[in-house]
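Structural overview for review
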Amino acid sequence: MTRPLCVMLVAAEASGDDRGAGLARALRARLGEGVRFVGVGGARMAAEGVQSPFDIAQLSILGLLEGLLAYRKVVARVQDTVALAQRERPDVAILIDSWGFTLRVAQQLRKLDPKLPLIKYVAPQVWATRPGRARTLAATVDHLLSIHVFDAPYFEAEGLPTTFVGNSALTLDFSGADGGRLRRDLGIAPEAPVLLVLPGSRPGEVSRILPPFAEAVAILKAQRPDLQIVIPAAPTVADTVKAQASGWAHVVEGEGAKLDAMKAATVAMACSGTVTTELALAGVPMVVGYRLGAMTHAILKRLIRTPYITLFNIAAKAFVAPELVQDDCNGPNLAREVGKRLDDPTLRAAQVEAQSAALLKMGRGGPDPSEAAADAVLKLLAERKS
């Protein structure tokens, strides 16, 4: 009896956890009992059989200074991950997003077993900053699964085979979402305007972004007493968000509640990240805010090669959604831009239309990314075997 294929999946953030879970499902659909999973991930990957040796919330680190302060912790978790691989002896390792952590894991796995196939899932954004990472990645892994159509040339130029699989965020299914259900559950009137507040999934993001978002909410509610605030909290930061938003927002948890909230929303105020794509899919006009540590921002602003931080803005090459970054991400500025959209249905409709057009440029409507990623993984393994 042949042993099942052992697949190691490593993800350190919520978006990576989602992609890892999707890939695990797709591989199991093809191989059934012929595959087993080990690795690092969150709740979604755990539901697919990936039992993480530690809580990935401790790896939700944002910023250069924070990274330096957390260096020992990151190194310890890298060693935990490598120790898991040493025990389980996987047939392939797939490192998902989270550049700093997964690169270190990949490098250590290469030392542990030079023949182990290493696949990176989600490329570093070298088209925006730090192009040297393409060469570093090419020297470390065997294959790249990219989520953006514009990734491949940067990595193939360095000799790294690349397969475009698409962005799983573009396949988010809203068919079961019900904005009316959320309003009923929270006691919000059908006609009341709803502002969705999404302050990020990392503790560092919440600590920097929720305060100016809260300031904007106070300004907006003073002008519009009927405005209802809903915060879908990521599991990595739910307790913090509930504590800080107590008394001024409805905080909901879980994927179903998040999708319901998006369908109920009039406008959103969102931290830059995967959630902006999800909001665009739901047809929600938004204002995007982001803040980094002062030192990190001072360094990155000299390295960034694109004026945009939101993916659909990058695809459109225009500020389809306004972006308020760093010092511009403050209560009055945010309130001004959100207020314009709350008060002007024509502006909301135009922005939703432009967001939808940008999603098409990003690959909306293409094949399912998890299915495409599973096919690419199995093809690589078959080529290695032959």
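A few points on the structure.

Cut-offs and rules
- Residues numbered from 1 in each chain as written.
- Predicted model: local features only at pLDDT ≥ 70, side-chain atom pairs only at ≥ 80, totals over all residues.
- Heavy atoms only, no water.
- Axes fitted to C-alpha atoms, helices over the stretch in contact; angles between N-to-C directions.
- Helix = DSSP H or I, 4+ residues; strand = E, 2+ residues; numbered from the N terminus.
- Parallel < 35°, antiparallel > 145°, perpendicular 65-115°, else oblique.
- Contact = heavy atoms within 4.5 Å.
- Buried < 20%, exposed > 50% of the residue type's maximum accessible area, 1.4 Å probe, protein only.
- Pairing = 2+ DSSP bridges.
- Right-handed = clockwise from strand over helix to strand, strands pointing away.

A few words now on the packing of helix H8 (residues 179–186) against helix H11 (residues 255–264). Where H8 contacts H11, the axes come no closer than 7 Å and their chain directions differ by 100 degrees. Of the possible angle classes, the one that applies to H8 and H11 is roughly perpendicular. The segment H8 lies against H11, with Gly179, Arg181, Leu182 and Arg183 engaging Ala257, Asp260, Ala261, Lys263 and Ala264.

Attention now moves to the pairing of strand E11 (residues 286–290). Summarising burial for E11: 5 of the 5 residues are buried, a large majority. In this structure, strand E10 (residues 267–271) lies alongside E11, joined through 4 bridges in parallel fashion. Considered in E11, the bridge of methionine 269 is made with valine 287. Since E10 and E11 lie parallel, the crossover through helix H12 (residues 274–282) that links them has a hand, and here it is right-handed. In this sheet, strand E12 (residues 323–325) lies alongside E11 in parallel orientation, the contact comprising 3 bridges. Paired with tyrosine 290 across the two strands is valine 325, which belongs to E12.

With that out of the way, let us pick up the sheet that holds strand E2 (residues 35–40). With parallel pairing, the 6 strands of this open sheet are ordered in space as E2-E1-E3-E4-E5-E6. Where the open sheet ends on each side, the last strands, each with one partner, are E2 and strand E6 (162–164). Across this sheet, the average inter-strand angle for adjacent strands is 20 degrees, counted without regard to direction. Two elements, strand E1 (residues 5–11) and E2, share 6 bridges in a ladder whose sense is parallel. For methionine 8, the partnering residue across the bridge sits in E2 and is valine 38. Seen against the sheet, helix H1 (residues 14–31) touches E1, E2, strand E3 (92–96) and strand E4 (118–121) and runs at an angle of roughly 165 degrees to E1.

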